[in-house]
Protein chains: 2
Amino acid sequence: MEGSTKQFRKRNAILACLQQTHAHPSAEMVHEMLQKTHPDISLATVYRNLAWFKSQGMIQSLGTVNGIERFDANTAPHVHFVCTGCSAVIDLPQIAVPHSLETDTEKYAGCRVQGCQLTFTGLCGSCANS
Amino acid sequence: MEGSTKQFRKRNAILACLQQTHAHPSAEMVHEMLQKTHPDISLATVYRNLAWFKSQGMIQSLGTVNGIERFDANTAPHVHFVCTGCSAVIDLPQIAVPHSLETDTEKYAGCRVQGCQLTFTGLCGSCANS
DNA sequence: GAAGAAAATGAGAATTATTTGCATTTATTT
DNA sequence: AAATAAATGCAAATAATTCTCATTTTCTTC
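Residues numbered from 1 in each chain as written. Chains lettered and ligands numbered in written order. Predicted model: local features only at pLDDT ≥ 70, side-chain atom pairs only at ≥ 80, totals over all residues. Heavy atoms only, no water.

### A few points about the interface of chain A and chain B
How we decide: Every residue pair with non-hydrogen atoms within 4.5 Å of one another is taken to be in contact. Note: buried area is the sum, over both parts, of the accessible area (probe 1.4 Å) each one loses when the two are combined. By definition, a salt bridge exists where a carboxyl oxygen of Asp or Glu is found within 4 Å of a side-chain nitrogen of Lys or Arg.
Facing 32 residues of chain A, the contacting portion of chain B comprises 32 residues. Together, the buried faces of chain A and chain B total about 2,500 Å²; carbon and sulfur atoms form 68% of this surface. Considering only the surface of chain A that becomes buried against chain B, Leu101(A), Tyr108(A) and Phe120(A) emerge as the three largest contributors, covering 20% of it. Remark: the boundary between chain A and chain B carries zero salt bridges.

Structural data, given as structure tokens:
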């Protein structure tokens, strides 16, 4: 089924694109990046496949930055920094949210935690120096 | 200017509405909640004033939940839990993000951190038991 | 390898949350 | 009270995303 032979699927190109960038792109950014190698992929297909990958847990959404949804092929929990100047998103794989915060959350909110997202905002190096 | 005498301003009603709820409402939810006491406030005014309060740092946005922006009159940094079942947002004022994570972020990303948002997702008590 | 079934795609229309223009109302200043 | 400034309602405009449907591509089965 999945690891089939004929890989003409544009789906693969979309996933590969996400995996090869650290830009945490939006659907339009993915579409843009694919123009060079796959100029015949429509924006609708990018949206469709991103939604599908997300539903399969193969990618994650970072939520919206300036009203635009951003995606990340790295599904491992990790921290992000979002620049309010240029909307860049930076990974911080070195930093981990203490597990105690999760158990405390379940305790205080009486809920079952399934995911966690820590996002710092501010100015990236470039934007801070300009 | 601000603390003027005639407080007919619907703006006040909108802020008060946000301050009196823990629902982290969207613009439409605010508009809905105000129908009872201020049925003549238009949705555009709600949007406009929420944007204005945000620009003044008087309220904060939690970002979007299911594509809809949610607001919080509590501007103090605090953790949120978002239920993926019913889209409820719960405050967790008891929980604090260790400050070391912020300094580490600045170190690794070479950036200036100005804000931080920790959001746990999962199922709230009600949704977990159904 | 061909026929039929299933999945994926493109193009553009539809949807929906949000924003905006503009005329009117309300508040503030003089 | 007149003049100025700010806020509002309404409807139209935007813009990101989703959906419809006809067509193409891939997979299955013979």
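### With respect to the sheet that holds strand E4 (residues 89-92) of chain B
To keep things clear, this is the line we draw: Should DSSP find at least two bridges between two strands, the strands are regarded as paired. By the criteria applied, helices consist of DSSP H or I runs no shorter than four residues and strands consist of E runs no shorter than two, each listed in order from the N terminus. Each axis is a line fitted through C-alpha atoms, taken for helices only over the stretch in contact, and angles between the N-to-C directions span 0 to 180 degrees.
Pairing in this open sheet of six strands is mixed, and the strands run E4(A)-E3(A)-E5(A)-E5(B)-E3(B)-E4(B) from one edge to the other. Of all strands in the sheet, those with a lone pairing partner are strand E4 (89-92) of chain A together with E4 of chain B, marking the two edges. Across the sheet, the axes of successive neighbouring strands diverge by a mean angle of 25 degrees, strand direction being ignored. Note that strand E3 (residues 79-83) of chain B and strand E5 (residues 112-123) of chain B share four bridges and pair parallel. Bridge pairing links Cys83(B) to Gly122(B) in E5(B).

### With respect to the packing of aromatic side chains
The condition is simple: The aromatic pairing rule takes the rings of Phe, Tyr and Trp, using the six-membered ring of Trp, and pairs them if the centres are within 6.5 Å, calling planes under 30 degrees apart stacked, those over 60 edge-to-face and the rest tilted. Between buried and exposed lies partly exposed: a residue is buried under 20% and exposed over 50% of the maximum accessible area for its type, with that area taken using a 1.4 Å probe on protein chains only. By definition here, charges over rings are those cases where NZ of Lys or CZ of Arg is within 6 Å of the ring centre and within 35 degrees of the ring normal.
One pass over the full model with this rule turns up two aromatic pairs over all chains. Ring centres 5.6 Å apart and planes at 65 degrees place the aromatic pair Trp52(A) and Phe53(A) in the edge-to-face group. Judged by relative accessible area, which is 2%, Phe53(A) ranks as buried. Stacked on the ring of Tyr108(A), the Lys or Arg Lys107(A) has its end atom at 5.3 Å from the ring centre. Above the face of the Trp52(B) ring, Arg11(B) is positioned so that its terminal group lies 3.9 Å from the ring centre.

It is worth stressing that arrangement in space is one thing and function is another; only the former is reported here.
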